[in-house]
Amino acid sequence: MTDIKNYISQNKDRFIDELIELLKIPSVSADAAHKPDMLKTADAVKKSLEDAGCDKVEICETPGNPIVYGEKIIDASLPTVLVYGHYDVQPADPVELWDSPAFEPVIKKTEIHPEGAIFARGSCDDKGQFYMHVKALEYMTTQDQLPCNVKFMIEGEEEVGSSSLDWFVRRNQEKLTNDVILISDTGMISNTQPSITTGLRGLSYVEVEVTGPNRDLHSGLYGGAVANPINILAKMLAALHDENNHITIPSFYDKVLEASDEERKEMAKAPFSLDAYKKSIDLGDVYGEEGYSTLERASIRPTLDVNGIWGGYIEEGAKTVIPSKAYAKISMRLVPNQTSDEITTLFTKHFENIAPKSVSVKVTPHHGGEAYVTPIDNIGYRAANKAYTETFGVQAIPQRSGGSIPIVALFEQELKSKTILMGFGLDSDAIHSPNEHFGIFNYLKGIETIPLFFKYFTEMS
Ligand code: BES
Ligand code: MN
Ligand code: MN
């Protein structure tokens with residue numbers, strides 16, 4: 001038997017090589033052309049779980065991409081930890097902005113990661129992070145350190161809304177019974193200050209289409225006399241926020257659970273430098289809802305953002321045309337008590353209401369999900385904090401995140417268990433962006449911290 005630190009130093013290169021192999025498969029769930037890669041990745045994940053010591057591993061078919069399920073049940077009277085992760089990744093686009101190809105992983109040192117970071121799509125979100133759990137399991141099974149039962153559920157559609165996982169969870173409550181759900185798919189404050197994510201925002205996502213004339217028109221012959229759908233769309237979008245950057249959709253804030261002064265005071269204690277924040281993304285100033293700090297705007301407040309907008313002529317040169325149609329994709333991040341369906345309905349009504357008669361509008365909802373908050377007085381949180389305190393030498397700070405993992409709220413509803421979000425990524429790791437990377441330090445620290453969570457959770461149970 002060897003301890004985790006020794007085990008990691010003896011196996012470090014192999015751990016990195018294995019992750020690199022996984023990152024080479026372009027498992028982009030948004031693109032149907034990658035279906036074979038999804039299956040190939042699921043197979044690789046299955047094999048990794050078998051090698052790490054799971055007794056039973058299966059590829060579960062779903063209406064979409066398969067879910068890899070694995071388990072090692074050592075004693076039914078002991079607690080069970082369910083590990084969730086996703087093997088699908090975001091598209092690499094825009095590919096020309098990557099310094100090296102997205103699916104040819106390379107290790108490079110950066111200012112924030114002096115020990116080096118693995119650059120590849122999915123390195124941090126989420127292959128690198130769920131693979132820490134696979135390697136932690138390998139340590140626990142080979143070194144006789146597994147203190148409880150463990151189940152793994154690694155899905156392939158997180159980046160496109162998890163609809164197959166929703167389907168799977170509703171049909172497999174029994175199989176998925178657990179005492180706590182453990183996920184590494186979020187971030188932490190810094191490599192010297194760990195944090196535990198205690199909240200996620202919900203999401204409502206819509207696409208809008210504004211139609212003017214029934215065909216593209218000559219902008220000289222018709223210009224000035226008919227509504228240009230792009231002009232109108234721009235006006236309508238601009239009207240969705242007021243001068244204080246509040247969202248103008250009637251009743252949008254009605255159900256928002258306001259954070260108490262106490263909670264806001266706690267939040268303000270988290271280490272955060274506005275200057276460093278601005279510098280890291282080259283901004284002259286921040287921008288957002290009046291009355292809230294940057295950290296609050298990006299976590300406990302709901303938002304509305306245009307994610308894409310198009311229409312008309314965008315090729316080379318000039319074409320004088322009034323387009324027939326204009327489009328936009330809009331995401332709204334939601335906070336506890338707002339519900340995705342309700343917000344989508346409020347948006348749709350409002351958007352139809354503010355459209356002038358000279359155009360028609362169509363709103364198409366996409367996938368959504370509910371927000372999640374977890375208290376910090378449960379054994380899951382305490383076990384995680386104890387684990388971090390041991391491996392980082394400082395306590396973890398609870399912090400609500402602005403991102404969304406919609407399936408977490410469903411886990412609570414269907415499986416009746418709390419989720420502990422032990423993320424090891426950094427905001428600067430560029431998830432969803434070109435040059436996504438994951439620090440070697442973070443990867444190995446995750447592998448070191450996870451077995452301690454298992455140990456303390458079992459002890460406290
Ligand atoms: N892992 C992210 C979510 C995340 C990242 C939460 C960092 C907190 C900190 C996840 O893969 C993701 O990208 N989620 C999507 C939502 C999904 C429905 C497409 C998101 O937040 O945009
Ligand atoms: Mn993710
Ligand atoms: Mn993601």
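Rules and cut-offs
Position numbers for residues start from 1 in each chain and track the written sequence from start to end. Chain letters and ligand numbers both follow the written order, the letters beginning at A and the numbers at 1. Where totals are concerned, whole chains, interfaces and linings use all residues; where local detail is concerned, this predicted model gives features only for residues with pLDDT of at least 70, and gives and counts side-chain atom pairs only at 80 or more. By convention in this description, side-chain values take in all heavy atoms of the structure and omit both hydrogens and water. Any two of the Phe, Tyr and Trp rings considered here, Trp counted by its six-membered ring, make a pair once their centres fall within 6.5 Å; the pair's planes then place it as stacked at under 30 degrees, edge-to-face at over 60, or tilted in between. Secondary structure elements follow DSSP: runs of H or I of four or more residues count as helices, runs of E of two or more count as strands, with numbering from the N terminus. Note on exposure labels: buried denotes an accessible area under 20% of the residue type's maximum, exposed denotes more than 50%, and partly exposed covers the range between, all computed with a 1.4 Å probe on protein chains only. Charge-over-ring contacts are defined here by two conditions on Lys NZ or Arg CZ: a distance within 6 Å of the ring centre and an angle within 35 degrees of the ring normal. The nearness test applies per residue and asks whether one of its heavy atoms lies within 4 Å of the molecule or strand. Any N or O atom pair separated by 3.5 Å or less is treated as a polar contact, with the protein-specific requirement of one donor-capable and one acceptor-capable atom, and with residues adjacent in sequence counted only for side-chain atom pairs. For the area figures, the Shrake-Rupley method with a 1.4 Å probe applies, and any residue is considered shielded solely by the protein chains shown. Note on residue categories: nonpolar means Ala, Val, Leu, Ile, Met, Phe, Trp, Tyr, Cys or Pro, charged means Asp, Glu, Lys or Arg, and polar means any other residue, Gly included. Any two strands between which DSSP finds at least two bridges are classified as paired. Atoms are scored as donors when they are N, O or S and lie within 2.8 Å of the metal, with 3.2 Å used for Na, K and Ca; no water is included, so coordination may look incomplete. Irregular is the label for any site that misses the other tests, which are tetrahedral for four donors with all angles between 85 and 135 degrees, and square planar for four donors or octahedral for six when opposite donors exceed 155 degrees and the remaining angles lie between 65 and 115.

Undergrad: So what about the packing of aromatic side chains? Which residues, and what values?
TA: Applying the stated criterion across every chain yields a total of 13 aromatic pairs. Consider the rings of Tyr84 and Phe411, whose centres lie 5.5 Å apart with planes at 75 degrees: the pair is edge-to-face. With Tyr84 in strand β3 (residues 80–86) and Phe411 in helix α11 (residues 407–415), this residue pair connects regions lying 327 residues apart in the sequence. Given a relative accessible area of 0%, Tyr84 falls into the buried group. Seen from their ring centres, Trp310 and Tyr327 are 5.0 Å apart, and the 10 degrees between their planes marks the pair as stacked. With Trp310 in strand β11 (residues 303–311) and Tyr327 in strand β13 (residues 325–334), this residue pair connects regions lying 17 residues apart in the sequence. Each member of the aromatic cluster is reached from another via a ring pair, and the members are Tyr388, Phe392, Phe424 and Phe441. Here Lys445 stacks its cationic end above the ring of Phe392, 5.6 Å away from the centre of that ring.

Undergrad: Explain the site of ligand 1 to me, and be specific about the residues and the numbers.
TA: In the vicinity of ligand 1, 16 residues are found, and the nearest of them are Glu158, Asp185, Arg333, Ser404 and His432. Contacts to ligand 1 include Asp125, whose side-chain N or O atom sits 3.1 Å from an oxygen atom. Here a nitrogen atom of ligand 1 and a backbone polar atom of Ser404 are 2.9 Å apart. For ligand 1, whose unbound accessible area comes to 520 Å², protein coverage reaches 87%. Its residues assigned to classes, the shell around ligand 1 comprises four nonpolar, seven polar and five charged.

Undergrad: So what's going on with the pairing of β13? Residues and values would help.
TA: Of the strand pairs in this sheet, strand β9 (residues 202–211) and β13 are connected by 10 bridges, and their pairing is antiparallel. Each bridged residue has a counterpart across the sheet, and for Thr211 the counterpart in β13 is Lys325. Sheet topology places β11 next to β13; eight bridges connect them, and they run antiparallel. Along β13, the bridge assignment pairs Trp310 with Tyr327.

Undergrad: Please give an account of the coordination of the manganese ion (ligand 3) that cites residues and values.
TA: Each protein donor to the manganese ion (ligand 3) is listed here as Asp125 (OD), Glu159 (OE), Glu159 (OE) and His432 (NE2); together their distances run 2.1 to 2.5 Å. Taken together, the six donor atoms surrounding the manganese ion (ligand 3) define angles of 56 to 155 degrees at the centre, an arrangement classified as irregular. Donor residues for the manganese ion (ligand 3) sit on one chain with the sequence pattern D-x33-E-x272-H. Between the two metal centres, the manganese ion (ligand 3) and the manganese ion (ligand 2), the spacing is 3.6 Å, with Asp125 acting as a shared donor. Taken together, the residues Asp125 in the loop between β5 (117–119) and α3 (127–142) and Glu159 in the loop between β6 (149–155) and α4 (163–171) connect sequence positions 34 residues apart.

Undergrad: Lay out α11 with the relevant residues and their values.
TA: Working note: α-helix, 3.6 residues per turn, so residues spaced by three or four point in the same direction. With seven of nine residues buried, α11 is to be regarded as a mostly interior element. Where α11 ends, the next residue or the one after it, Lys416, has phi of about 55 degrees, a positive value.

Undergrad: So, the coordination of the manganese ion (ligand 2): which residues are in play, and what are the values?
TA: At 2.0 to 2.5 Å from the manganese ion (ligand 2) lie its protein donor atoms, namely His86 (NE2), Asp125 (OD), Asp185 (OD) and Asp185 (OD). Coordination at the manganese ion (ligand 2) comes from six donor atoms whose angles at the metal span 56 to 165 degrees, giving a geometry best classed as irregular. Read in sequence order, the donor residues for the manganese ion (ligand 2) give the motif H-x38-D-x59-D.

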